[in-house]
Every structure is written in structure tokens, then in C-alpha cells.
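Chain and residue survey
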Amino acid sequence: MDTTVDIFSAVIGWLVTGYLTYRTRRQRKIIGKTTPHAVSEIWLLSLFLSLYFTLRVPSIAIGLDSLFPWHNSARLLAYICVGWAAWYLNSAVYRIAGRELSGWVRYLPGAMSTLLLIFFPFSLALSPSTGDELPATFLDLLFRQILYVYMIALLGSSLILFRTLQSTEKTALVRLRLIFSQVSILAAISLAFVKIIDTLFGFYLPGSSVLSFLEYTGSLLKAMLVLPWLAVYLPVRLSVPVLHAWHSLRALWILPNVRIVERKVRRFCKPFASENPTLWQTLRSPDYYATRSLIHILDGRKQLSSDSDPEVIQLCQRLDGVEDQMDIPELLAFYARLGRQMRRENRQVTSSAQRSTA
Amino acid sequence: MQESYTKVTATFDEIVAAYDFRHFTLENFADWLSRRRGRTIEFWPLLSKFGHKENLMGFWAVICGVDCIAYLENTLPIHQLHIQLHELAHLLLGHSTAEFQGWEDLQQWPEGIRMRLGNIERSSQDEWEAETLACQLFHEIMRHKRREQLASISSTHAEIALYWDIVEAA
């Protein structure tokens, strides 16, 4: 399975790299300016990741190894490539976020590659490639553990920055891409953790049954790393339907809570005109019905504002927490939160009533 | 009810086929509609023009041959838009309203004037149709607005967006 995933990942990697090369060249022609550093770094990240997956394909690794008098050259190069890929990811995210990397961090990928080259003659180069992932010597184990920790550190720092970027980003399409990137990075971090455990078990308990489970998990995580990575580069034409589907799903999710508020408003102010959709109609167009509920609430909010009933005054105060500049999704989110709160309160009232009856 | 629903849906489909919602603004939409009807449409803020009238959110009346739409202005902009669309929906659905020779005639709020109220009082089949069409139009506008927002980009990432195939589609 691992080989299939590696081949599949390599194909996707080269597709993404090819697409990025095409876009970068095309945009450079159109704009006539030099490519921004962040874009170049994203391209390099893609290139190194594609090289990594390609070097992991057994037939290519064996072919490359046969060119040298020592063993595991392909694996050494793969490790170096993945180290640089993590570095370029981190650097690109820092640039996009407009932040400065601290001085010593700049030397990390160079130091890591040097370390790998120093370790190599005493570890990987000595043991014939068995095709599996298990370290043959203690040095080999140590060398891999350092690599994985380095990967986790760089990817973790990128993930934190991606989270920050996502929280401030207003454009839905960019947010979607940031989410896909985070899924990919999270899968890569998990993969590094699995590799740490896998190599430890492989070295100290080579016959353990846990190893096959870890290998399977690793392959699954690789697929989870690669698919969202591809999704990051989905063209707008394909991303927009994904986002529309997401908005509809979100509307379906918040609709029951919005309707709690609507029902509360209806108790005091019968709606001007209402529809009673069937479940199928609601499922087909949840955002339409959510908007319709919202209009009822806003009507009620105005209608009840002059009422003197204490219960209505309290309801109006709660409905009034919205602001002028709020858009439909923000208003819906606000009233969905209020609905959730009302449901909790109702539950508390019911349970305390039951307790007092008992 | 089924008949009304069919009428609303048919009108909505006709509008969607004839009007480009990608460039929607209320003024633009009203212009398009007034050209179609051959009569000017004007919007008036209800409170500043008439003062508070309990329960009233908006109305449509023909005054000196002009379609006058009054809307409650002390509510959220999104709600204001919906009220305006509700009155425009009457026009689109071919409903009728009372006609006057001057604004003074309106002070007694005569019967026959199209009013959008905040609750079920004075609700009718025509009002149901107008409200449903307004909701459908409102939803269509928001759908297009969202599409536009999806493809717009903040200036911070504008340069990178060019390479990410985001700006091109805007």
C-alpha cells in the first residue's frame, strides 16, 4: 500500500508543480514583474515535496542506488528534500503573514542537510536497502529521530501561522485554501509522530505487531497530506461550488437554532407571511429558509420594540445585540448562538421543574 | 396557495433570466424595473417623511404618476433592503395600489394602499406572494454577493493571489 501511496503522491506532486510553474510563468509574462518571494517558495516547496515522493518509489530508489558504490543514496536525498520542503513551507507562510523569521532559524535547513550528510556514511550508507522503513543501526535511528523532530518543529510553526492567517482572512476562497493547507500540515505532523514511534518500535521490537498498524496509519496519513495539498490549488471555477456546498451545509447546521429564536418571536408577533416548507424543501435550500427565518426575526425585532410586556422587553434586548454592518451570515451566526443559548435555558428550566415535581 | 407559489416562481424565473444579479444595487434594479414599466420609481424613508406609524414597515403608492416606495429606515440595512424588495415585488407581480395626486392625500392612510406590516394583521394572498418573491430575490442577491466576495481579495495577499488563480476570476 505504501508504494501505491508514494506513486500516487509523486504524480499529484508533479501535477501541482507543473501547474504552479505554468501559472508563475504566465503571470510573470502578464504582470512583467519578478515573482514574489512567497510564490517562489511555494513553488520550491512543491518541487522538493514531489522529489521526496518520487525518490520514495522503490523502482526509482533502486535505480538511483545502483549508480553509487554505497547504499541508500535515494533515501538520503529524499530526507534532504523533505527537510527543505518543510523549510520553504515555513518561510512562505511567514512571508504571506508579513512576519520576519528570526536569524538563527534561517540556518536550520542548511544545518539539517549537513547533519544528514555527516551521519550518512556511518548509518544509511552502510546498511543495504531492505525496502522497509526500519532503522538498521542506532545511528540510523538517531538520525531519523532528529529529522522527524525538525519536521514537527517547522510544520508546527507553520500550522500556528496558518491558524492566525485564517482567523484574520475575510475572503472565503482564501480561507478555504488555508483550511486545506492546515489539514495537509496536520497530516504531515501526525505522520512525523507516527514515524518516530514506528522507527523506535522497528529498532527495539522489530517483530512487534504494532508495526504493520503503524505502517498502515502512515500510508493513510500520506494520502491525507497529499489530497488537501492538491485541493489548495483547485481553480476558482471548482472551488466556488465547494464553497457554496459548504455554505448550504452550514445553513442546514444553524437553521434549527435560528428557528428556536424565530419560534420565540412568533409567540408574540405572528409573521407577516410565512412558508411551511417540507423537510425535503428545507434540505434542498437551507440557506433560503434560514434567510426567511432571519427576516421574520428582524420584523419581530422592530415590531416588538415598543411592547411593554416584561418578557417581550427581555426578548427584544436579546434580539438587539446585532450591529448595522452585519451581513446575513453574521446575523445568522448571531441568532444561531442565541437559539443555542435559549435551548440550553429551556432545558435547564425543564430539568429544574422535573426535579421540583419529583 | 399552490397557484400563488407557481405565480411567484414563474415571476422569479423571468426576472433571473432578464436581470443580471451580478451587478445588483437597489438603484440599478429599480432603474431596470422602471424602464420595463415605463414609470419612475422613488424611495422615501418612512419615518422622516411621515413620522412613526405603528406596525408599518413600508408601503407602495402611486403619487402623481410616480411609484413611491417608503421604507422603515431605523432598522438594519439588510432589513431595509428586504422591505424595499417586498414593495418592488408587488410591482413585479403586477399587483395594484392606490393612486394619489399629492403626498397630503396620503396622511389619512386610506384603504387600498399596499403596506408591509410587521405582523399578520392585514395580511393577504398578494402580500404572501410579494413577501415570498422578495425572499427569493433577496436570496438570489445574497448568493451573487457571496460569489463576488469569494473571488475578491484583501490587498495584503493581492500579489500572491494573482499566482493562486484568485484574482483573475474576480
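Now for a description of the structure that goes with this document.

How each quantity is defined
- In this convention, every chain numbers its residues from 1, walking through the sequence in written order.
- All chains are assigned letters beginning with A, and all ligands numbers beginning with 1, in the order in which they are written.
- Local features are withheld for residues below a pLDDT of 70 in this predicted model, meaning they are given only at 70 or higher, and side-chain atom pairs are given and counted only at 80 or more; totals for whole chains, interfaces and linings count all residues.
- Excluded from the side-chain calculation are hydrogens and water; included are all heavy atoms of the structure.
- Cavity and pocket criteria rest on a 1 Å grid covering protein atoms alone: a 1.4 Å probe that fits but cannot get out defines a cavity, protein on both sides within 12 Å along at least 5 of 7 lines defines an open pocket, and an atom within 4 Å of a point defines a lining residue.
- Grid points are joined across faces, edges and corners, and a volume is the space filled by probe spheres set on the points.
- The helix and strand labels rest on DSSP assignments: H or I over at least four residues marks a helix, E over at least two residues marks a strand, and numbering proceeds from the N terminus.
- Residue type decides the class: Asp, Glu, Lys and Arg count as charged, Ala, Val, Leu, Ile, Met, Phe, Trp, Tyr, Cys and Pro as nonpolar, and the leftover types, Gly among them, as polar.
- Partly exposed residues are those whose accessible area sits between 20% and 50% of the maximum for their type, while under 20% is buried and over 50% is exposed, using a 1.4 Å probe and protein chains only.
- When DSSP finds two or more bridges between a pair of strands, those strands are recorded as paired.
- A contact between two residues is defined here by any heavy atoms of the two lying within 4.5 Å.

1. Observations concerning empty space enclosed by the protein
Empty space left among the atoms is revealed by rolling a probe the size of a water molecule over them. All names here are of chain A. If you walk through the whole model with that rule in mind, you get six cavities of 30 Å³ or more. For the largest cavity, the calculated volume is near 520 Å³. Lining the largest cavity are 32 residues, with Leu-45, Leu-49, Leu-155, Ala-188 and Leu-225 sitting closest to its centre. Where the lining of the largest cavity is concerned, the elements lending two or more residues are α2 (37-55), α4 (73-96), α6 (138-168), α7 (172-204) and α8 (210-232). With eight residues, the single largest contributor to the lining of the largest cavity is α4. Within the lining of the largest cavity, the residues separate by chemical class into 27 nonpolar, two polar and three charged.

2. Digging into the pairing of strand β2 (residues 56-63) of chain B
Residue and element names in this part refer to chain B. Within β2, eight of the eight residues are buried, which leaves the element mostly enclosed by the surrounding structure. As judged from the six bridges shared by β2 and strand β3 (residues 66-71), these two strands associate in the antiparallel manner. Within the sheet, the bridge partner assigned to Gly-58 lies in β3 and is Tyr-71. With antiparallel pairing between neighbouring strands as the criterion, β2 and β3 make up a hairpin whose turn holds two residues, including Cys-64 at a positive phi of roughly 50 degrees. Here β2 pairs with strand β4 (residues 99-100) via two bridges, running parallel. Across the sheet, residue Ile-63 finds its bridge partner in β4, namely Phe-100.

3. Concerning the environment of A:Val242
All names here are of chain A. Structurally, Val-242 is set in helix α9 (residues 236-268). Classification of Val-242 as partly exposed rests on a relative accessible area of 34%. Separated by 69 residues in sequence, Val-242 and Leu-173 have C-alpha atoms that sit 9.7 Å apart. Excluding its chain neighbours within four sequence positions, the residues that come into contact with Val-242 are Leu-176 and Leu-234.

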